[in-house]
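The lines below spell out each chain.
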Amino acid sequence: MIRRVSVRFALFFILIVFFEELLELVIEIFALFLEIIHLFIELIEQLLEDILEHLLHTDHHETETIIANGVLIIGFVGLILLARYLPRLWRRIKRKFFAVWLNYKRQKYSSWRALTQLQKIKLVSAYCLGISLILIWLTL
């Protein structure tokens, strides 16, 4: 148990020390993900343009207009469906979150009750020591 608490504080310490670098890494990964999605959308658009130009014998401007109108229609239908489904989704997420929270509280309560008095004292002192060391390190 003390080892688990020590690992948590070590991870928390690493998170504090390397917060800027970790945030930059997350932002870079997100930007890379968006770039890959953008390239995939461009690939699909180019394929649709080629297919429409070949099948309907249209020029580039007409093909762009057809694709833009199709995307707008799909987007509006998606927004309407999302607006209809969002309240049910929100209620389901709230119910699940509340159930997970209650399960977490019950698990922590039962594990706390299962500890001996000496283990409880060790656990509380480990948390106090860890918080104190982090606060001292942050105020230096």
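Small disclaimer: the values here were computed from a predicted structure and weren't measured. (Residues numbered from 1 in each chain as written. Predicted model: local features only at pLDDT ≥ 70, side-chain atom pairs only at ≥ 80, totals over all residues. Heavy atoms only, no water.)

(A) How the structure looks around the packing of helix 2 (residues 19-56) against helix 3 (residues 60-114). Closest axis-to-axis distance for the helix 2/helix 3 pair is 10 Å, and the angle between their directions is 120°. Comparing the axis directions of helix 2 and helix 3 gives the class oblique. Handedness of the crossing formed by helix 2 with helix 3: right-handed. Between helix 2 and helix 3, the contacting residues are Glu 45, Leu 48, Glu 49, Leu 52, Glu 53 and Leu 56 on the first element and His 60, Thr 63, Glu 64, Ile 66 and Ile 67 on the second. Residue composition of the contact of helix 2 with helix 3, grouped by class: five nonpolar, two polar and four charged. (Axes fitted to C-alpha atoms, helices over the stretch in contact; angles between N-to-C directions. Helix = DSSP H or I, 4+ residues; strand = E, 2+ residues; numbered from the N terminus. Parallel < 35°, antiparallel > 145°, perpendicular 65-115°, else oblique. Left-handed = near helix turned anticlockwise from the far one by under 90°. Contact = heavy atoms within 4.5 Å. Nonpolar A, V, L, I, M, F, W, Y, C, P; charged D, E, K, R; others polar.)

(B) Focus on the environment of Phe 9. With respect to the helices and strands, the residue Phe 9 is situated in helix 1 (residues 2-17). The exposure class of Phe 9 is buried, given its relative accessible area of 17%. For Phe 9 and Tyr 127, which are 118 residues apart along the polypeptide, the C-alpha to C-alpha distance reads 8.4 Å. With near-sequence residues (within four places) excluded, Phe 9 lies in contact with Ala 126, Tyr 127, Gly 130, Ile 131 and Ile 134. (Buried < 20%, exposed > 50% of the residue type's maximum accessible area, 1.4 Å probe, protein only.)

(C) Up close: the nonpolar core. Ranked by size, the top nonpolar core spans six residues in total: Val 5, Phe 9, Leu 115, Leu 123, Ala 126 and Ile 134. Of all the elements in the fold, those that place two or more residues in this core are helix 1 and helix 4 (117-139). Examining the composition of this core, we find that three residues originate from one element, helix 4, more than from any other. (Core = buried A, V, L, I, M, F, W, Y, C linked by side-chain atoms within 4.5 Å.)

(D) Up close: helix 2. With 38 residues, helix 2 extends 55 Å between its outermost C-alpha atoms, agreeing within 8% with the 56 Å of an ideal straight helix rising 1.5 Å per residue. Following helix 2 by one or two positions, His 57 has its phi on the positive side, about 55°. (Expected span 1.5 Å × (residues − 1).)

(E) Unusual backbone geometry, seen in detail. In this structure, His 57 takes a positive phi of about 55° despite not being glycine. Within the secondary structure, His 57 sits in the loop between helix 2 and helix 3. Given the relative accessible area of 69%, His 57 is considered exposed.

(F) Spatial organisation of the environment of Ile 121. Along the chain, the position of Ile 121 falls in helix 4. Taking the relative accessible area as the measure of exposure, Ile 121 reaches 53% and is therefore exposed. In this structure, the C-alpha to C-alpha distance between Ile 121 and Ala 68, residues 53 residues apart in sequence, is 66 Å.

(G) Looking closely at the confidence of the model for the protein chain. Residues with a pLDDT of 70 or more make up 100% of the protein chain, whose mean pLDDT is 92. Confidence, read as mean pLDDT per element, is least for helix 1 in the protein chain (83) and greatest for helix 3 (95). (pLDDT = per-residue confidence, 0-100.)

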